[in-house]
Amino acid sequence: MMLANSNLTCQIIPLRVCLNGASGRMGQRIDRACLESNGTAIVTARNSLDAPLDATSSNFDVVIDFSSDAGTQIAINLALRALCPLLIGTTGITDSTREVLRSSSAQIPVLIAPNTSIGVAVMRHLAKEAARLLAEDFHISISEVHHTQKRDQPSGTALALADSVAKGQGTLFPLNEIKSIREGDVIGDHEVVFAGPGEVLTLRHHAKDRDLFALGAIRLAIWIAKQPPGMYGLDDWFSQFMKAKQ
């Protein structure tokens, strides 16, 4: 099977997945996406922080985590026990958890992906380039809208966009230039606005369905499963994606 949209596909390869946070919004979508694929299978689905680790098999190739900060700690232990790659899609994780992830990356490949959309990856690339070209004369701001149950503000995606802008500008991006809104059941809308003399450039991404993130998570899981131990970000994956397009 090929991932949806033939222009942005990657071949599904046999991959045994331990899905941590399987009962959550994203976990359910990833579970369904794996069932609909011909090669990716959920061999362990964890739904509760109370489920004992000893009851979880280590017969998998990658751990995918979409849970919580506490759940991510469990995912780290699962991946270390199996000595397999770890994909973190959870946002709002604490600095202490990030430090555990960094130390764990000496033994296993770890990929932190606050947003698994390929469109957002391209948006980050464009935001960085626009910031590099326009920073001197344009005011840059970021806004994001999510559903009311999303806890972290700003979103991980908004922070990733801010990081891209900062790299383009060569300076830190002020967090007070990020506007966060929580309303209704919005899946995720992000905008980066470059306002200059007499003109405005806007980069916008609108998520229409969570399935796009599920497919993206499978794509990233396949990629991280091929990497050696180390700490990885979406920029590492995207650089290889760009090379393949050249």
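Visitor: Explanation requested: the pattern of salt bridges in the structure shown.
Guide: Should the charged atoms of two oppositely charged side chains come close, the side chains can pair. Applying the stated rule across the entire model yields 14 salt bridges. Where K150 meets D152, a salt bridge forms, and the shortest distance between an N and an O atom there is 3.1 Å. Take K150 and D152: they sit in the same class, and that class is buried.

Visitor: Honestly, the pairing of strand β3 (residues 62–65) in this entry has me stumped. Any pointers?
Guide: On any regular strand, side chains alternate: one points to one face of the sheet, the next to the other face. Residues of β3 alternate between two faces, with V62 and I64 on one and V63 and D65 on the opposite face, all of them buried. Note that strand β1 (residues 15–20) and β3 share 4 bridges and pair parallel. Pairing of V17 across the sheet is with V62, part of β3. Bridge count between β3 and strand β4 (residues 86–88): 3 bridges; the pairing is parallel. Bridging from a neighbouring strand, I64 pairs with L87 of β4. Read from β3 through helix α2 (residues 69–82) to β4, the crossover connection turns out right-handed.

Visitor: Sorry, what's going on with the sheet that holds strand β9 (residues 199–206) here?
Guide: Backbone hydrogen bonds hold the strands of a sheet together, and the pairing may be parallel or antiparallel. With mixed pairing, the 4 strands of this open sheet are ordered in space as β7-β6-β8-β9. A single partner strand is all that each edge strand has here, and the edge strands are β7 (178–182) and β9. Adjacent strand axes in the sheet meet at a mean angle of 15°, parallel and antiparallel pairs treated alike. The sheet contact formed by strand β8 (residues 189–196) and β9 spans 8 bridges and is antiparallel. Bridging from a neighbouring strand, H190 pairs with H205 of β9. Strands β6 (139–146), β8 and β9 of the sheet are contacted by helix α4 (residues 118–134), whose axis makes an angle of about 165° with β9. Contacts between helix α5 (residues 156–169) and the sheet are confined to β6, β7 and β8, with β6 contributing the most and set at about 165° to the helix.

Visitor: Teacher, can you tell me more about the sheet that holds strand β10 (residues 230–233) here?
Guide: Across the sheet, which stays open at both edges, the 6 strands sit in the order β2-β1-β3-β4-β5-β10 with parallel pairing between neighbours. Each end of this open sheet is capped by a strand with a single partner; those strands are β2 (40–46) and β10. Averaged over neighbouring strand pairs, the angle between their axes works out to 20° when direction is ignored. Looking at chain direction, strand β5 (residues 109–112) and β10 are connected through 4 bridges and run parallel. Note that in β10 the partner of P109 across the bridge is G230.

Reading the values: rules and limits
Residues numbered from 1 in each chain as written. Predicted model: local features only at pLDDT ≥ 70, side-chain atom pairs only at ≥ 80, totals over all residues. Heavy atoms only, no water. Salt bridge = Lys/Arg side-chain N within 4 Å of Asp/Glu carboxyl O. Buried < 20%, exposed > 50% of the residue type's maximum accessible area, 1.4 Å probe, protein only. Helix = DSSP H or I, 4+ residues; strand = E, 2+ residues; numbered from the N terminus. Pairing = 2+ DSSP bridges. Right-handed = clockwise from strand over helix to strand, strands pointing away. Axes fitted to C-alpha atoms, helices over the stretch in contact; angles between N-to-C directions. Contact = heavy atoms within 4.5 Å.

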